[in-house]
Amino acid sequence: MALQWLEDYWKVEVRFKKSDLIYIGIGVVLLAILPLYYLYNPNVPGKFPTCPFFNFTGLYCTGCGSQRALHALLHLDILSVLKSNLLFLPALIILGYHFITKVLGRLNNTDYHSFVYHTKTPRVVFIVVVVFTVLRNIQIYPFNTLAP
């Protein structure tokens, strides 16, 4: 097994489920993409794909500005992250919390309680996303500051 040294050193048995392999694959793809977003600025036209929702409707979707926010985050410019997409940082924190609790639970053979799996979480997230999307498309101050 490829992780035999880990099993021998930590005296743990490492078994991968199909879902673990999916998470590992997503992680590898994300790690491969990060240098591109660090090196190249998404504000420069033609380097990165544009939002299809914005191209068809002229309206900002919830994710508009996320590429610029990622570039700014990699350069530790938190103010620009918040200006590009106000929900980017909270979403990243929640996703990080989710994956950390999953990994720790998997390593410790424990099922940690996570608010991400609360029955009301999808409804709350849906409401926040819809309200944010509507507000960022209102062309009146202070709502227009939510636009990327």
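Residues numbered from 1 in each chain as written. Predicted model: local features only at pLDDT ≥ 70, side-chain atom pairs only at ≥ 80, totals over all residues. Heavy atoms only, no water.

S.K.: Lay out the overall build of the protein chain in plain terms, naming residues and giving numbers.
M.R.: Helix and strand counts for the protein chain come out as 7 helices and 0 strands. When the 148 residues of the protein chain are sorted by exposure, 20% land in the buried category. For the protein chain, the share of sequence-separated contacts (at least 6 apart) that also reach a separation of at least 24 residues comes to 42%. Surface exposure of the protein chain reaches about 11,200 Å², of which carbon and sulfur atoms provide 71%. (Helix = DSSP H or I, 4+ residues; strand = E, 2+ residues; numbered from the N terminus. Buried < 20%, exposed > 50% of the residue type's maximum accessible area, 1.4 Å probe, protein only. Contact = heavy atoms within 4.5 Å. Areas by Shrake-Rupley, 256 points an atom, 1.4 Å probe, with all protein chains shown as cover.)

S.K.: Describe the layout of surface pockets, with residues and values.
M.R.: Considering only enclosed or pocket space, the second largest pocket measures out at about 460 Å³ in volume. Lining the second largest pocket are 20 residues, and of these Pro49, Thr50, Cys51, Gln67 and Arg68 lie nearest its centre. Elements with a contribution of two residues or more to the lining of the second largest pocket: helix 3 (52-57) and helix 4 (66-74). A class-by-class count of the residues in the lining of the second largest pocket yields 11 nonpolar, 8 polar and 1 charged. (1 Å grid on protein atoms, 1.4 Å probe; cavity = no way out; pocket = protein on both sides within 12 Å on 5 of 7 lines; lining within 4 Å. Points joined across faces, edges and corners; volume = space filled by probe spheres on them. Nonpolar A, V, L, I, M, F, W, Y, C, P; charged D, E, K, R; others polar.)

S.K.: Residue-level account of a nonpolar patch on the surface, with values.
M.R.: Taken together, the side chains of Ile22, Tyr23, Ile26, Leu30, Leu95 and Phe99 make up a nonpolar region of the molecular surface, amounting to roughly 550 Å² of accessible area. Among the secondary structure elements, those contributing two or more residues to the nonpolar patch are helix 2 (18-39) and helix 6 (88-108). Of the residues forming the nonpolar patch, the biggest block, 4 residues, is contributed by helix 2. With respect to the helices and strands, leucine 30 occurs in helix 2. (Patch = residues over 30% accessible without salt bridge, like charges linked within 9 Å, V, L, I, M, F, W, Y side chains within 5 Å. Salt bridge = Lys/Arg side-chain N within 4 Å of Asp/Glu carboxyl O.)

S.K.: Could you give an account of the state of the cysteines, with specific residues and numbers?
M.R.: With the rule as written, the count across this model stands at 0 disulfides. Cysteine 64 supplies the cysteine sulfur nearest to cysteine 51, a cysteine that is in no disulfide, at a spacing of 3.5 Å. A disulfide-free cysteine, cysteine 61 has its sulfur positioned 3.6 Å from the sulfur of cysteine 64, the nearest such atom. (Disulfide = S-S within 2.5 Å.)

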